[in-house]
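Inside the fold
Each chain, letter by letter, is given below.
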Amino acid sequence: MKAIQTHSVGGPETLTLDEIDTPAPGKGEVLVAVKACAINYPDTLMIRDLYQFKPERPYSPGGEIAGVVEAVGEGVTNYKVGDKVMAGMGNGGLREKAIVPADRMFPVPDGVPFEKAASLLMTYGTTIHGLKDRGHIKEGDVVLVLGAAGGVGLSAVELAKAYGARVIAAVSSEAKGEVAKQAGADEVVIYPREEMDKAASKELAGAFKAACGPGGANIVYDIVGGQYSEPALRSIAWEGRFLVVGFPAGIPKMPLNLTLLKSCDICGVFWGAFTAREPAKFVAQVNELFAMMKAGTIDPLVSETFPLERAGEAIAKLENREAVGKLVVTME
């Protein structure tokens, strides 16, 4: 079978398309014929050894897949050959067939295409955990979403609206702003891609404050980091929650005096660790997402698909902050 693999530390250009043996599922495992693998920000970090987890090489990036069960290992009774499934697996998805622990899989809901099924767990899973467990979202909250046109950002727009919040989408272009509005954002703030000086940072903080209103943002959902985090923190409400999700623009240094002045919290959102530590709550949240998808409340935007041999291009596009919605690698 064919697999995209990383053999050495580096960027997307170092990935290779290899021919490898088809693995056999062990106890508690399932062999899945992968139909779609979504690209996520951790994929860009893992291959550079910049992520919390460093799998032994060679391995395939890709932590979010959908496909068809091809074989089941000993002790697996809840899935059978031919079942359509989706899974979050950390890595190993960018290959024609993948081994997945049975307890990390879910049935694909009826009528959901593989591309959308592969785009649900990590993005919407991160966001439902972030907004509910870490942000304690409630109806009437004001939510400021940084990076609102990416896969995670759009999930935050949709879910925050579903929970009755007013949503401010912060993006880097007018075109991305239109995408966020189509997802339900109430207002859009355009931030600059170029480096900001102190005056520009203050101006952006003012724009965030104006969009959020006099009370400020009850929740800041920060997927971007870098120079955008401090202006967003300056717009936070009294006892607001600043949710740290990702750092494609760099890891910010935050002035902690602002947390005192606003009596606010800065909270980490580490979805992968949450799923391992609280599996029952994780499953319940996935079922809630399935219900929302069935009701039409959420709908992952797959903006572009790539064949397996061009998976590196998809990772590079996400790494360069050029993606809108989800980028998905398909095997057919």
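Placed above this text is the structure.
For the structure given in this document, a descriptive report is provided here.

The rules behind these values
- Residues numbered from 1 in each chain as written.
- Predicted model: local features only at pLDDT ≥ 70, side-chain atom pairs only at ≥ 80, totals over all residues.
- Heavy atoms only, no water.
- Helix = DSSP H or I, 4+ residues; strand = E, 2+ residues; numbered from the N terminus.
- Rg over C-alpha atoms; globule rule 2.2 N^0.38 Å.
- Buried < 20%, exposed > 50% of the residue type's maximum accessible area, 1.4 Å probe, protein only.
- Contact = heavy atoms within 4.5 Å.
- Areas by Shrake-Rupley, 256 points an atom, 1.4 Å probe, with all protein chains shown as cover.
- Lys, Arg positive; Asp, Glu negative; His and termini not counted.
- Charge placed at Lys NZ, Arg CZ, Asp CG, Glu CD.
- Core = buried A, V, L, I, M, F, W, Y, C linked by side-chain atoms within 4.5 Å.
- Pairing = 2+ DSSP bridges.
- Right-handed = clockwise from strand over helix to strand, strands pointing away.
- Axes fitted to C-alpha atoms, helices over the stretch in contact; angles between N-to-C directions.
- Phe/Tyr/Trp six-rings, centres within 6.5 Å; stacked < 30°, edge-to-face > 60°.

Time to look at the overall build of the protein chain. A tally of helices and strands in the protein chain yields 11 helices and 15 strands. At 20 Å, the protein chain has a C-alpha radius of gyration in line with the 20 Å of a compact globule built from 332 residues. Seen through its principal axes, the protein chain has C-alpha atoms that stretch 60 × 40 × 35 Å. By residue count, 53% of the 332 residues in the protein chain fall in the buried class. Taking the intrachain contacts of the protein chain between residues at least 6 apart in sequence as the baseline, contacts between residues at least 24 apart amount to 68%. Just so you have it, the protein chain exposes about 14400 Å², and 52% of that area is on carbon and sulfur atoms. Looking at the protein chain, you have 34 positive and 41 negative side-chain charges, and the mean spots of the two groups are 4 Å apart.

Another point: the side chain of arginine 241. Structurally, arginine 241 is set in strand β12 (residues 236–244). Discounting chain neighbours no more than four positions away, the residues touching arginine 241 are Arg134, Gly135, His136, Asp141, Asn218, Ile219, Val220, Ile236 and Asp265.

Another aspect to go through is the nonpolar core. With 51 residues, the main nonpolar core has Met86, Leu131, Ile137, Val145, Leu159, Tyr221 and Ile298 as its most contacted residues. Sequence-distant contacts of methionine 86, defined by excluding residues within four places in its chain, comprise Ile65, Ala66, Arg104, Met105, Phe106, Pro107, Val108, Pro109, Ala117, Leu120, Leu121 and Phe290. Core analysis: the next-biggest nonpolar cluster, separate from the first, contains 33 residues, Ile39, Ala102, Ala323 and Met331 among them.

With that out of the way, let us pick up the pairing of strand β14 (residues 302–307). Across five bridges, β14 lies against strand β15 (residues 326–330) in parallel orientation. Residue pairing for β15: phenylalanine 306 is matched across the bridge by valine 329. Once you follow β14 into helix α11 (residues 311–319) and on to β15, the crossover reads as right-handed.

Next up on the list: the sheet that holds strand β9 (residues 166–171). Strand order in the open sheet formed by six strands is β10-β9-β8-β11-β12-β13, and the pairing between neighbours is parallel. Edge positions in the sheet fall to β10 (187–190) and β13 (265–268), since each of these pairs with one other strand and no more. On average, adjacent strands in this sheet sit at an angle of 20° to one another, irrespective of strand direction. Strand direction decides the pairing type here: strand β11 (residues 217–222) and β12, joined by five bridges, are parallel. Bridge assignment links aspartate 222 to a residue of β12, and that residue is valine 244.

This part is about the packing of aromatic side chains. Under the counting rule described, the total for this entry stands at six aromatic pairs. Ring geometry for phenylalanine 53 and phenylalanine 270: centres 6.2 Å apart, planes at 35°, overall tilted. Residue phenylalanine 53 is found in the loop between α1 (41–46) and β4 (64–72), and its partner phenylalanine 270 is found in the loop between β13 and α9 (271–277); the two are separated by 217 residues along the sequence. For phenylalanine 270, a relative accessible area of 32% gives the class partly exposed. Considering the side-chain rings of phenylalanine 106 and phenylalanine 290, the 6.2 Å spacing of their centres and the 85° angle between planes classify their relative orientation as edge-to-face. Here phenylalanine 106 is found in strand β7 (residues 105–107), whereas its partner phenylalanine 290 is found in helix α10 (residues 279–295), with 184 residues between them in sequence. Taking the relative accessible area as the measure of exposure, phenylalanine 290 reaches 14% and is therefore buried. Ring-pair connections join several aromatic residues into one group, and the members of that group are Phe106, Trp271, Phe282 and Phe290.

Just distances and angles here, no functional claims.
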